[in-house]
Amino acid sequence: MADPCSLLGPFSCKPSPPPFLLKIPRLPFHSPSKSMATHCHCSSNPRPSQPSLLVFSGGTAFNGVVEELKKLTVRVAHVLPVSDDGGSTAEIVRVLGGPAVGDIRSRCLRLADESTSEALAVRRLLGHRLPINPQQAKSEWYGILEEEHSLWGGVSKPYRETIRAFLAYFQNEILRRPNESFCFSNGSIGNFFFAGARVFFQSLDAAIFLFSRVSDIPAESLVLPVISTNDRLTLGCELWDGTVIRGQNEISHPTNVKGPVEKGRSSVPALPSRIKRVFYMSSEGRNSLHEIFPTVNPAVLDQLSNGDCIVYAMGSLFTSLCPSLVLLGIGEIISSRSCHKVLLLNGSHDRETSGFSASSFVTAITDALNRTYGDSQNCLRNLPSQYINTLLVPKDGEISIDIQSLSSQGIVDVVVVKSINDPKVGTIFDPESLIDALANVVSQYERT
């Protein structure tokens, strides 16, 4: 039997003794497909023509342009928060604890190889969601666990045994907690696999490494949790009226209804006041007195120091972007860089940004990076133009482009990009046009 730790290469493996024998075969070596050939070529001789990007984003809005971004470059570090407490992620965190993996799993699937029928089969399996009805979901889950489901079709034995081993480990961890009844409703198979790997290896980085290998993500495409931890993280926010809200989902998409949350436009009530800041709090905490200060992932700082372009992606401003920006060290490095720093503006308002103009987005990002309203001993006083120098705007979007205010912030490079209408979320960037605009921004910087 192959050593499970052999899958991790340089990562150390110190799992607690499993209650059953976990058999993980070595994954086979395939003759290079187009995707793998590119991968092998790059690892020994990176293509200088491809720019390197670091993208701050959440797990939903930016996913729509990931496929198009591959045509520009695969040298991208995707930095994602691990504080999402909605959907099936919430159920995993409730029962097993640990960081939220949903956004990371979602981005890994978008980056996964699609060049072979087996790659597509693996992606289909790990991207599958169970039915919303709890009993139907549980029944289908057991069918998948016992390899009786059609989703296993096209998945070869080595990959099948590897994936199933961690799904079985996840199930075993649930059964070891008899006081917690796990609800499989709308559950993500990829999340279950991810959680099983994280608990087994006691390492979020190791789980990402394994998931990346199973889904054959290019070596130059990195998916980085902004905080590398095995603990649960809780996001909080303080409103300008002094109200403190606990939990990412409660901030952005509050619901008293058990089940999936639609993260597009919704009829959720408006916030009683605008958001002043977001911060991390202890899992038992209820107010700002319980604020904690987690350490940023060193790999994020390393990539931030070396990328050709820093991108703040569209999405939930305060619950997708700011949780990464408020950490100590992020603002310091970004302000010191002379590269392009691009904000991709949202096409429509949401609960977090009702009434915001373009300059309001810039102010919120600046305040987060400066930690303006946090610990006074660790705040910065950098100008907006030290963090953002280019704004890409979707044509006909809802957000007011207040050119004069942007100019006073030192931002004069505003580019309007072709947009499309999404019935769920409204105006969004046309993916191809957005990546073309981003390529022009990077190439202009390279010529200067």
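Everything here concerns the structure above.
As the structure is a prediction and not an experimental result, all values here were calculated from the model. (Residues numbered from 1 in each chain as written. Predicted model: local features only at pLDDT ≥ 70, side-chain atom pairs only at ≥ 80, totals over all residues. Heavy atoms only, no water.)

(A) Local environment of the overall build of the chain. Assigned secondary structure in the chain consists of 16 helices and 13 strands. Across the 448 residues that make up the chain, the buried fraction comes to 55%. At a minimum sequence separation of 6, the contacts of the chain that also span at least 24 residues come to 73%. (Helix = DSSP H or I, 4+ residues; strand = E, 2+ residues; numbered from the N terminus. Buried < 20%, exposed > 50% of the residue type's maximum accessible area, 1.4 Å probe, protein only. Contact = heavy atoms within 4.5 Å.)

(B) Main features of the sheet that holds strand β9 (residues 340–344). Read across the sheet, seven strands follow the order β3-β2-β1-β8-β9-β10-β11 without closing on themselves; strand pairing throughout is parallel. A single partner strand is all that each edge strand has here, and the edge strands are β3 (222–225) and β11 (413–417). On average, each strand axis in the sheet is tilted by 20° relative to the strand beside it, whichever way the strands run. Both strand β1 (residues 53–56) and strand β8 (residues 309–312) contribute to a ladder of four bridges, which runs parallel. Residue pairing in the sheet places Val-55 in a bridge with Val-311 of β8. Docked against the sheet, helix α14 (residues 358–370) engages β8, β9 and β10 (390–394), running at close to 125° with respect to β9. (Pairing = 2+ DSSP bridges. Axes fitted to C-alpha atoms, helices over the stretch in contact; angles between N-to-C directions.)

(C) Up close: the pairing of strand β4 (residues 234–239). Most of β4 sits out of view: six of its six residues are buried. Burial along β4 is two-sided: the residues Thr-234, Gly-236 and Glu-238 and Leu-235, Cys-237 and Leu-239 are all buried. Both β4 and strand β5 (residues 244–246) contribute to a ladder of three bridges, which runs antiparallel. When the bridges of β5 are listed, Gly-236 appears paired with Arg-246. Taken together, β4 and the strand that follows it, β5, pair antiparallel across an intervening segment of four residues, in which Gly-242 is found at a positive phi of about 95°.

(D) Spatial organisation of empty space enclosed by the protein. Inspection of the entire model under this criterion finds three cavities of 30 Å³ or more. In this structure, the largest cavity spans a volume of roughly 90 Å³. Forming the boundary of the largest cavity are 15 residues, of which Ser-83, Asp-85, Val-93, Arg-232 and Leu-233 lie nearest the centre. Taken together, the residues of the lining of the largest cavity break down into six nonpolar, five polar and four charged. (1 Å grid on protein atoms, 1.4 Å probe; cavity = no way out; pocket = protein on both sides within 12 Å on 5 of 7 lines; lining within 4 Å. Points joined across faces, edges and corners; volume = space filled by probe spheres on them. Nonpolar A, V, L, I, M, F, W, Y, C, P; charged D, E, K, R; others polar.)

(E) Main features of the environment of Met-314. Mapping Met-314 onto the fold places it in the loop between β8 and α12 (317–325). With a relative accessible area of 11%, Met-314 lands in the buried category. Along the chain, Met-314 and Phe-429 lie 115 residues apart, while their C-alpha atoms are 9.3 Å from each other. Apart from the residues lying within four places of it in its own chain, the contact partners of Met-314 are Ala-61, Phe-62, Val-65, Leu-344, Leu-345, Asn-346, Phe-429 and Leu-434.

(F) Region of interest: helix α7 (residues 157–175). In a regular helix each residue adds 1.5 Å, so 19 residues correspond to 27 Å; α7 covers 26 Å between its end C-alpha atoms and thus fits that length. Residues Tyr-159, Thr-162, Ile-163, Ala-165, Phe-166, Leu-167, Tyr-169, Phe-170, Gln-171, Asn-172, Glu-173 and Ile-174 constitute the buried set of α7. Buried residues belonging to α7 abut α3 (87–96), α5 (117–126), α6 (134–145), α8 (189–201) and α9 (204–214). (Expected span 1.5 Å × (residues − 1).)

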